[in-house]
Amino acid sequence: MNKYRKMAVAALGAGVITVLGIGPALAEGGFNSSIGGWLPGKESRHWKDNNADGVSTSIKFSGCSLTNGGTSGTFKYATLQLKKERAKLPDPVVARNNNYCGTSSFGDVASGSYYFNYSGLNGTDQTSWHLSVSSVVVKY
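Since the structure is predicted, the reported quantities are computational estimates derived from the model, not experimental observations. (Residues numbered from 1 in each chain as written. Predicted model: local features only at pLDDT ≥ 70, side-chain atom pairs only at ≥ 80, totals over all residues. Heavy atoms only, no water.)

Caption draft 1: Looking closely at the pairing of strand β5 (residues 78-84). Counting buried residues along β5, six of its seven residues qualify, which places the element largely inside the surrounding structure. Note that β5 and strand β6 (residues 93-99) share six bridges and pair antiparallel. Among the inter-strand pairings, Thr 79 is bridged to a residue of β6, identified as Asn 98. Pairing of β5 with strand β8 (residues 112-121) involves seven bridges; the strand directions are antiparallel. When the bridges of β8 are listed, Lys 84 appears paired with Tyr 114. (Buried < 20%, exposed > 50% of the residue type's maximum accessible area, 1.4 Å probe, protein only. Helix = DSSP H or I, 4+ residues; strand = E, 2+ residues; numbered from the N terminus. Pairing = 2+ DSSP bridges.)

Caption draft 2: Molecular detail of the nonpolar core. Core analysis: the largest hydrophobic core is formed by 24 residues, its most contacted members being Phe 61, Phe 116 and Leu 131. Residues in contact with Phe 61, not counting those within four places in the same chain, are Ile 35, Ala 78, Leu 80, Asn 99, Cys 101, Gly 102, Phe 116, Leu 131, Val 133, Ser 135 and Val 136. (Core = buried A, V, L, I, M, F, W, Y, C linked by side-chain atoms within 4.5 Å. Contact = heavy atoms within 4.5 Å.)

Caption draft 3: Representation of the side chain of Gln 81 within the structure. Within the element layout of this structure, Gln 81 appears in strand β5. The class for Gln 81 is buried, based on a relative accessible area of 11%. Engagement of the side chain of Gln 81 in a polar contact is seen with the side chain of Ser 119, the distance being 3.1 Å. Beyond its immediate chain neighbours, meaning those up to four positions away, Gln 81 contacts Val 93, Ala 95, Arg 96, Tyr 115, Phe 116, Asn 117 and Ser 119. (Polar contact = N/O pair within 3.5 Å; in protein donor to acceptor, adjacent residues only side chain to side chain.)

In structure tokens:
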């Protein structure tokens, strides 16, 4: 196939993908962060999801570790709660997920302001071990 025919086929394919709307799903928003020395009860920064897309809210951890007074511990999983802000009322838990130093998906949530709460470690909510995560990627 000559180079002009290859270019024409590629352009036609891109046009079909654009017309059919079968391109990659893009998140409305997101941010990158890290966690340093958290105990259960700590919450992330807050974000506004306008629900302008059908993308699942997700939180991806990588580089998970535990320390307690200079001693390293064994990380199995962190329990995360996705919470929705409500004015003058307690913030409800929308969903819970155990994050095994990977991705937690919470589904396509309604419009509102959200954050995640670190609520437990390795199956317990009472621990003296401090959680650190070198990379936290939130998409919404």
